[in-house]
Amino acid sequence: MIRVNRAELLQKLELVQPGTTPVDVIEQSSCFIFKDGKVLSYNDETACSIPCDLKLEGAVQAKPLLDLLQELPEDEVEIEAKETKFIVTGKRRKASIRMEAEITLAIATVEPPKGWKPLHEEFADAINIVKGCTGKSQGEFSTITCVHITPNWVEACDTIKFSRYRLKTGVTENMLVQHSSIKNIVAMGMTKFSETESWLHFKNAMGLVISCRRYVEDFPDCNDLCKITGEPTSLPKGLASATKRAQIFTDDGDVLVELRPGKARIKGMGAMGQYSELKDIKFSGKPFAFLISPELFIELTERHNECELSENHLKINGGRWCYVTCLGQVEEGDE
């Protein structure tokens with residue numbers, strides 16, 4: 001048996017969770033892999049690894065192990081591997097989780113990182129801004145579901161919304177990375193990166209490595225969107241709480257923001273229902289409406305609420321970054 005700190009093990013498993021899937025997309029992608037003093041995960045688009053004190057080898061179902069460690073009250077637990085069981089023992093309680101001794105996950109196909117370089121301190125901030133402009137389709141590969149990373153900026157466009165953040169990224173060539181993969185680095189405190197033929201790798205001070213599959217394909221030229229100008233106006237503040245409530249119904253999609261003199265309406269719509277909230281605001285501009293990711297709308301209004309309105313677009317210029325979205329008509333409804 002190996003005695004481990006429960007909270008520390010749980011933290012490491014949560015850090016590599018982005019590489020897992022609820023069910024097997026590829027063989028053992030729903031598992032944590034313990035091997036060579038590390039815990040690993042891989043789902044074909046994202047691979048994760050972090051050093052781990054558990055010196056055992058096998059593939060363990062991720063969800064029950066996470067759920068169990070979150071619920072156990074002990075500061076320390078004992079862990080052992082027996083044939084097809086991963087056994088966790090606490091004080092007068094024991095659980096066994098199905099384990100496969102043979103590791104079949106194709107994580108060996110992920111090229112190992114080499115030649116680590118310092119990551120720009122604003123890179124995660126840039127990804128956080130532009131990822132809200134990607135499409136969320138889970139279908140076949142498309143540029144609208146990707147973040148475009150170039151030596152001089154990162155950007156994303158889903159044909160309705162566009163954002164570009166200018167910074168020297170350090171990458172040697174343009175590449176596309178799926179939104180669902182690159183979003184995982186935002187809150188991880190990454191400090192280094194490495195490029196290999198098919199992967200873009202990131203590393204933090206804890207030794208966590210997140211590898212994102214990269215694609216070398218053409219991305220639409222969006223330079224004209226950066227040049228849009230219009231009439232100066234301001235987005236109202238104080239809409240964060242309404243936006244968060246509307247977000248519950250968006251199925252990880254956009255909220256609809258409608259602005260008219262003195263009023264703002266935030267709408268969230270999804271497969272399970274819809275939400276609408278009307279707020280009194282200080283706004284005297286012309287009526288307009290637009291779609292935006294809830295996280296991005298909260299971020300933008302808190303950072304930089306000055307914007308420009310053209311006939312068809314709303315544009316926010318944040319200095320290093322810009323955001324552009326198509327405008328729609330405000331629907332008639334209750335005031």
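Residues numbered from 1 in each chain as written. Predicted model: local features only at pLDDT ≥ 70, side-chain atom pairs only at ≥ 80, totals over all residues. Heavy atoms only, no water.

Caption draft 1: Structural detail: the overall build of the protein. Each helix and strand counted, the protein has seven helices and 24 strands in total. Projected onto its principal axes, the C-alpha coordinates of the protein cover approximately 70 × 45 × 30 Å. Per-residue burial over the protein gives 49% buried out of 335 residues. Relative to all contacts within the protein whose residues are 6 or more apart in sequence, the contacts with residues 24 or more apart total 62%. (Helix = DSSP H or I, 4+ residues; strand = E, 2+ residues; numbered from the N terminus. Buried < 20%, exposed > 50% of the residue type's maximum accessible area, 1.4 Å probe, protein only. Contact = heavy atoms within 4.5 Å.)

Caption draft 2: Region of the structure containing the pairing of strand S18 (residues 255-260). Of all six residues that make up S18, six are buried, and the element is covered over most of its length. Going residue by residue along S18, you find Val255, Val257 and Leu259 tucked away on one face and Leu256, Glu258 and Arg260 tucked away on the opposite face as well. As judged from the six bridges shared by S18 and strand S19 (residues 263-270), these two strands associate in the antiparallel manner. Following the sheet pairing, Glu258 is matched in S19 by Arg265. In textbook terms, the turn of a hairpin is the stretch between consecutive antiparallel strands, and for S18 and S19 this stretch comprises two residues, one of which, Gly262, has a positive phi near 80°. Taken together, the five bridges between S18 and strand S21 (residues 288-292) define a ladder with antiparallel strand orientation. Its bridge partner being in S21, Leu259 is matched across the sheet by Phe288. (Pairing = 2+ DSSP bridges.)

Caption draft 3: View of the environment of Arg320. Residue position: Arg320 is located in the loop between strand S23 (313-317) and strand S24 (321-326). A relative accessible area of 38% places Arg320 in the partly exposed class. Sequence-wise, Arg320 and Trp153 are 167 residues apart; in three dimensions their C-alpha atoms are separated by 9.4 Å. With near-sequence residues (within four places) excluded, Arg320 lies in contact with His120, Glu122, Arg164, Tyr165, Arg166 and Leu167. Side chain to side chain, Arg320 and Glu122 meet in a polar contact 3.2 Å long. (Polar contact = N/O pair within 3.5 Å; in protein donor to acceptor, adjacent residues only side chain to side chain.)

Caption draft 4: Spatial organisation of the nonpolar core. One finds Phe34, Leu65, Phe86, Ile149, Val154 and Phe202 to be the most contacted residues of the largest nonpolar core, which totals 75 residues. Beyond its immediate sequence surroundings of up to four residues, Ile149 is in contact with Phe123, Val154, Thr169, Val171, Glu173, Asn174, Met175, Val177, Ile182 and Leu200. Counting residues in each nonpolar core, the second largest holds eleven residues, with Phe162, Leu176, Cys222 and Cys226 among its members. (Core = buried A, V, L, I, M, F, W, Y, C linked by side-chain atoms within 4.5 Å.)

Caption draft 5: Summary view of the pattern of salt bridges. In the structure shown here, the tally under the stated rule is 18 salt bridges. Residue Lys117 is joined to Glu195 by a salt bridge in which the shortest nitrogen-to-oxygen separation is 3.9 Å. One end of the pair, Lys117, is in strand S9 (residues 117-118); the other, Glu195, is in strand S14 (residues 190-195), with 78 residues separating them in the sequence. Under the relative-accessibility criterion, Glu195 is labelled buried at 18%. Of the charged contacts, one joins Lys263 and Asp280 as a salt bridge, the two residues approaching to 2.6 Å between their closest N and O atoms. Placement of Lys263 in strand S19 and of Asp280 in strand S20 (residues 273-280) is noted, with a sequence separation of 17 residues between them. Since its relative accessible area comes to 63%, Asp280 is described here as exposed. One network of salt bridges, with partners in common, ties together Lys117, Glu173, Glu195 and Arg214. (Salt bridge = Lys/Arg side-chain N within 4 Å of Asp/Glu carboxyl O.)

Caption draft 6: Spatial organisation of unusual backbone geometry. For Glu83, which is not glycine, the phi torsion reads 50° and is therefore positive. For Glu83, a relative accessible area of 72% gives the class exposed. For Thr159, which is not glycine, the phi torsion reads 80° and is therefore positive. Examined against the element boundaries, Thr159 turns out to sit in the loop between strand S11 (153-157) and strand S12 (161-166).

Caption draft 7: Representation of the pairing of S19. Relative to S20, S19 runs antiparallel, the two sharing eight bridges. Across the sheet, the residue bridging to Lys267 is Ser276, located in S20. Two successive antiparallel strands, S19 and S20, enclose a turn made up of two residues.

Caption draft 8: Structural view of the sheet that holds S19. The strand order S20-S19-S18-S21 describes an open sheet built from four strands, whose pairing is antiparallel. Each edge of the sheet is formed by a strand with only one pairing partner; in this case those strands are S20 and S21. Averaged over all neighbouring strand pairs, the angle between strand axes comes to 15°, with direction disregarded. Against the sheet, helix H6 (residues 240-247) engages S18, S19 and S20, with an angle of about 170° to S20. (Axes fitted to C-alpha atoms, helices over the stretch in contact; angles between N-to-C directions.)

Caption draft 9: Structural context of helix H1 (residues 6-16). Within the span of H1, buried status applies to Arg6, Leu9, Leu10, Leu13, Leu15 and Val16. In this structure Asn5 caps H1, since a side-chain oxygen of it lies 3.1 Å from the backbone nitrogen of Ala7.

Caption draft 10: View of the packing of helix H3 (residues 123-130) against helix H7 (residues 294-303). At a minimum axis separation of 9 Å, H3 and H7 run at an interaxial angle of 115°. From H3, Asp125, Asn128 and Ile129 reach across to H7, where they touch Leu296, Glu299, Leu300 and Arg303. Taken together, the residues that form the contact of H3 with H7 break down as three nonpolar, one polar and three charged. (Nonpolar A, V, L, I, M, F, W, Y, C, P; charged D, E, K, R; others polar.)

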